[in-house]
Amino acid sequence: MRTRTRARQARDSPHAPHDLLDILPPELIGFLLRTCTVKELSSLAACSRALAETHVPSAVQERCALLGYALPPLLVGESLLHALRFIEMVAKRPRCTMAGDTCHTVCIRPEDGVTHSFGGHERPADPDDPDDDDDINGPSVRVSHLGHGHALGHRVGIPTPMAGLHAVHICEVAAGYEHSLLLSRDGHVYSCGIGEFGRLGHGWDATSASEDTGHVRRHGRSECLERSQPCRIQWGFGHTAGQTVSTRQAHAKHWRHLPGHLYACWRQSRVTSKAHAPAILEAVVQVAAGGFQSGCLTSDGRVWTWGWGDSGSLGHGIKEHLASPTVIASLVDHGQRIIQMSAGSAHSLYVSEEGALFATGDRSAGKLGLGSMDADAPPEQLTPARVRFGRCD
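Here the structure is a predicted model, which is why all the values come from computation and not from measurement. (Residues numbered from 1 in each chain as written. Predicted model: local features only at pLDDT ≥ 70, side-chain atom pairs only at ≥ 80, totals over all residues. Heavy atoms only, no water.)

Caption draft 1: Layout of the pairing of strand β8 (residues 179-184). Burial runs high along β8: six of the six residues are buried. What you see with β8 is no split at all: H179, L181 and L183 on one side and S180, L182 and S184 on the other are buried throughout. Pairing analysis gives six bridges linking strand β7 (residues 170-176) to β8, with the strands arranged antiparallel. Note that in β8 the partner of A174 across the bridge is L181. In this sheet, strand β9 (residues 189-194) lies alongside β8 in antiparallel orientation, the contact comprising five bridges. By the bridge assignment for β9, L183 is matched with V189. (Buried < 20%, exposed > 50% of the residue type's maximum accessible area, 1.4 Å probe, protein only. Helix = DSSP H or I, 4+ residues; strand = E, 2+ residues; numbered from the N terminus. Pairing = 2+ DSSP bridges.)

This is the structure we're talking about:
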C-alpha cells in the first residue's frame, strides 16, 4: 500500500523525476524506452504521467517493430501495454522445425535452413496396375505432399529438399494427411499436396493452377487442386463463415482500427453467400495441419482455418468445407487472443494468452475434454468451447 501511495505522489508531484524529459533529446528517450519490456514500461508509466501520456504509446509501437511485428488492433477495454504483452508472448513462442504425419515427414535443416521432406504414401496410386509389382523401387504412390515437383513417384527414404523454395526462408513446418504447410520468415504460408476438401487453402477455383505447380483431378467425391510443390496461399480472398449483414458493425465493436495496418476487402466466396468484412492482413506466426483441415495463427491473435468441415474442427459453427483461410469469428467475438493452436485428425485445440484451452470438432472418445460423452450429447462441437480443468472422480 505504501509503495502505491509513493508512486502516486511521485507521479502527481510538480518536482517529479519526469521533469528530466524536458531536457533529454526525444530520440534518446525513444531509444531507451523501446528496449524496455512491457513490465518495465508499465512501472515507468505508473511513476510518470508524462511518460504514460506522451512517450509510452510511441514506445509500444517501436517495441513491437523491434520484435518484428505490428501492434495489433486493440480489443474493447484493452490497453496498449496489454497488447504489447501479447506480442512479446508471440515473439517468444518456439518454432516447430520438424513435423510428421501418417506417411511423411517435413523438417528444416538447421545448418542452412533448407526445408526437406521424405516418405510417400501407404497405398499405391493404382492398386490394379500390375507393372508396379515388378518395379525395383516399389509401387508408384502419390507424393505431391512431399513438394518435390511431381504428383506421382516412389517413396523417398532420405531427406530431400523441397522444390521452388530457393529464395524463401522457411521458419516453421506442419504435416497433415497428404498435405504440408510451410511458414516463411516474412509471415507467408505455403502449401502442397492433395487439396481435397480445400485443405490447401488455394480456393475452389481450380483453373488458377499452373502447369508447374499442380493439376486438377477427381479424388473421392470432391474436385480438388493438387500442388506438387509448395505454392504460396494468396491472402485476403477468404470469408468469415456464419456472419450476417451486420458483420461490419460487429467487427468494429470488438476491434479498434489503428493506423499503419493493411486492410483488404474480401470478395464474395463461392462457398457461401453471406456478407463479408474487411480483414487485417497480419503476419502469420504459426501453421497447423490436421487430417483434412489446416489452420494458421496471425500476429493479432486470430485463428484462420480451412478444409474439411463435417466434424466441426474448423470452428465456424457450420458443417461446411472451406477452401480459403477463414477467421474463427466466435473467438474474436469473445475477445480471445490465441497464442497457440494444434490440429488433430478431426478436432482442433487453441490456447489463449491467458492460458485458457479451447476445443472444437469431433467429440468421440472424449478427446475434446468437454466432459459430456453420453448418447444425448451432439457428436460434434462446431465452435470452440472452453475446456474446464478439474479432478476426475
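Caption draft 2: Region of interest: the side chain of Q381. By the secondary structure assignment, Q381 is in strand β21 (residues 380-386). With relative accessibility at 15%, the residue Q381 sits in the buried group. Not counting residues up to four positions away in its chain, the partners in contact with Q381 are G312, A359, T360, G361, R363, L368 and L370. (Contact = heavy atoms within 4.5 Å.)

Caption draft 3: Region of interest: the nonpolar core. Grouped together as the largest cluster of nonpolar side chains are 33 residues, with contacts concentrated most on L41, V60, V303 and Y350. Listing elements by their share of this core, those giving two or more residues are α2 (26-34), α3 (38-47), α4 (49-67), α5 (80-92), β14 (284-289) and β18 (338-343). Non-local contacts of V60, meaning those with residues more than four positions away in its chain, are made with L41, L71, L80, L81 and L84. Ranked by size, the runner-up nonpolar core spans 14 residues in total, among them C171, L183, V327 and V332. (Core = buried A, V, L, I, M, F, W, Y, C linked by side-chain atoms within 4.5 Å.)

Caption draft 4: Looking closely at the pattern of salt bridges. For the structure shown, the criterion picks out 13 salt bridges. When the shortest N-O distance is used, the salt bridge between R95 and E172 registers 4.0 Å. Of this pair, R95 sits in the loop between α5 and β1 (98-100) while E172 sits in strand β7; the two residues are 77 residues apart in sequence, bridging distant segments of the chain. Where salt bridges share partners, they join R85, E353 and E354 into one cluster. (Salt bridge = Lys/Arg side-chain N within 4 Å of Asp/Glu carboxyl O.)

Caption draft 5: Representation of the packing of α3 against α4. Where α3 contacts α4, the axes come no closer than 7 Å and their chain directions differ by 155°. On the basis of their axis angle, the class for α3 and α4 is roughly antiparallel. In contact with L41, L44, A45 and C47 of α3, α4 contributes R49, L51, A52, V56, A59 and V60. (Axes fitted to C-alpha atoms, helices over the stretch in contact; angles between N-to-C directions. Parallel < 35°, antiparallel > 145°, perpendicular 65-115°, else oblique.)

Caption draft 6: Examining the sheet that holds β18 more closely. Taken in spatial order, the four strands make up an open sheet running β18-β19-β20-β21, and their pairing is antiparallel. The open sheet is flanked by β18 and β21, the only strands paired with a single partner. Across the sheet, the mean angle separating the axes of adjacent strands is 10° when strand polarity is ignored. Here four bridges tie strand β20 (residues 357-362) to β21, and the two strands are oriented antiparallel to one another.

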